[in-house]
Amino acid sequence: STADQIDLKQSLGGIVDIEFMVQYGVLAHAHAHPALLDYTDNIRLLAGLADTGLMPPEDVAQLSDVYRDYRCAVHRRALQEQSGTIEATRFIEERQRVQAIWQRWLEGG
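Undergrad: Go over the side chain of Glu 94 with me, naming the residues and quoting the values.
TA: Position of Glu 94 among the secondary structure elements: in helix H4 (residues 92–106). Nearest to the buried, unbridged Glu 94 among oppositely charged side chains is Arg 97, at 4.3 Å. Excluding anything up to four places from it in sequence, Glu 94 contacts Val 66 and Tyr 70.

This is the structure in structure tokens:
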């Protein structure tokens, strides 16, 4: 059933949440850290957020790993001509980690 499925891109703690944090970081801080504009891919942008001290290296490492895992899963499903939805029981811890980083970084919690 669809209640047992999530959209890995759009779900809470999913791909779009990571991409939003990255883009927010670049837009909010590129004026003070122009090196953030050197790259366009999310993994190197995350590294730039760590290099500038804007995001803790452990958060960057977690987001980078989760982002790679998510993208791999999405690409694998696309190659198998399947939708971007996955079982809701997959990536639970990863989605929770992304949400926790979101709360610390964007909500000040």
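Next comes the rest of the account.
Undergrad: Any details on unusual backbone geometry? Residues and values, ideally.
TA: Among all residues save glycine, negative phi is the norm, and among peptide bonds the norm is trans. Of note in the backbone geometry, Glu 81 takes a positive phi value of approximately 55 degrees without being a glycine. In this structure, Glu 81 sits in the loop between helix H3 (57–79) and strand S2 (85–87). The residue Phe 91 is not glycine, and still its phi comes out positive at about 60 degrees. Among the secondary structure elements, Phe 91 is positioned in the loop between S2 and H4. Since its relative accessible area comes to 13%, Phe 91 is described here as buried.

Basis of the calculations
Residues numbered from 1 in each chain as written. Predicted model: local features only at pLDDT ≥ 70, side-chain atom pairs only at ≥ 80, totals over all residues. Heavy atoms only, no water. Helix = DSSP H or I, 4+ residues; strand = E, 2+ residues; numbered from the N terminus. Buried < 20%, exposed > 50% of the residue type's maximum accessible area, 1.4 Å probe, protein only. Lys, Arg positive; Asp, Glu negative; His and termini not counted. Salt bridge = Lys/Arg side-chain N within 4 Å of Asp/Glu carboxyl O. Contact = heavy atoms within 4.5 Å.

Note that all results are geometric; they support no functional claim without further evidence.
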